Amino acid sequence: MSGSWQFASGMAHAPHIHSAIQVEGTGELRVLAMPKSQVELVDNWDVLGLRATYSIDYHCADVFVPATHTYLATTTNPANGGAIYRLGLVNMSAIGHTPGGRSVSGGACSMN
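Residues numbered from 1 in each chain as written. Predicted model: local features only at pLDDT ≥ 70, side-chain atom pairs only at ≥ 80, totals over all residues. Heavy atoms only, no water.

Chemist: Go over the overall build of the chain, please, and point to the residues and values.
Modeler: Along the chain, the regular secondary structure elements total one helix and six strands. If you list the helices and strands of the chain from N to C, you get β-β-β-β-β-β-α. Sorting the 112 residues of the chain into buried and exposed places 20% on the buried side. Within the chain, residue pairs in contact and separated by at least 24 positions form 52% of the contacts whose partners lie at least 6 positions apart. Summed over its atoms, the accessible surface of the chain is roughly 8200 Å², and 59% of this surface lies on carbon and sulfur atoms. (Helix = DSSP H or I, 4+ residues; strand = E, 2+ residues; numbered from the N terminus. Buried < 20%, exposed > 50% of the residue type's maximum accessible area, 1.4 Å probe, protein only. Contact = heavy atoms within 4.5 Å. Areas by Shrake-Rupley, 256 points an atom, 1.4 Å probe, with all protein chains shown as cover.)

Quick look at the structure:
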């Protein structure tokens, strides 16, 4: 697997990363997990107010990721857990990101 990704928040704190990929030849969308040591971190973010997020870009070239470390991006059939995991990746991401966006917009609206 080879590729480049942007806006990877929290990379300094994570031992593994997850990335969305499109499988060459089939076009299938999958999500993979691999050790952070297998990617090259590009410390190119110097954005006012976002330094604490440690958002950076990263890329890798010719990394082998076993099929057991990937899953179909559009799946709603959970491998583990209960009903909440049937929401799928996009819906779970929306739930997780909503509070942060709400906090930022609320703060911006209350500025004098």
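Chemist: Give a detailed account of the layout of surface pockets, specifying residues and quantitative values.
Modeler: By volume, the largest pocket amounts to about 510 Å³. Along its surface, the largest pocket is lined by 18 residues, and Phe7, Ala8, Ser9, His18 and Tyr58 are the ones closest to its centre. At the level of elements, β1 (3–8), β2 (16–22) and α1 (89–109) are the ones that each hand at least two residues to the lining of the largest pocket. Broken down by element, the lining of the largest pocket gets its largest block of residues, five residues, from β2. For the lining of the largest pocket, the class distribution of residues is ten nonpolar, eight polar and no charged. Its boundaries defined by the atoms lining it, the second largest pocket holds a volume of some 350 Å³. Among the residues making up the lining of the second largest pocket, the classes are represented as six nonpolar, five polar and no charged. (1 Å grid on protein atoms, 1.4 Å probe; cavity = no way out; pocket = protein on both sides within 12 Å on 5 of 7 lines; lining within 4 Å. Points joined across faces, edges and corners; volume = space filled by probe spheres on them. Nonpolar A, V, L, I, M, F, W, Y, C, P; charged D, E, K, R; others polar.)

Chemist: Tell me what's going on with unusual backbone geometry, and back it up with residues and numbers.
Modeler: In this structure, phenylalanine 7 is a non-glycine residue whose phi angle is positive, near 60°. By the element assignment, phenylalanine 7 lies in strand β1. Since its relative accessible area comes to 55%, phenylalanine 7 is described here as exposed. Its identity is not glycine, yet aspartate 62 carries a phi of approximately 55°, on the positive side. The topology assignment puts aspartate 62 in the loop between β5 (56–60) and β6 (70–72). Overall, aspartate 62 belongs to the exposed group, its relative accessible area being 71%.

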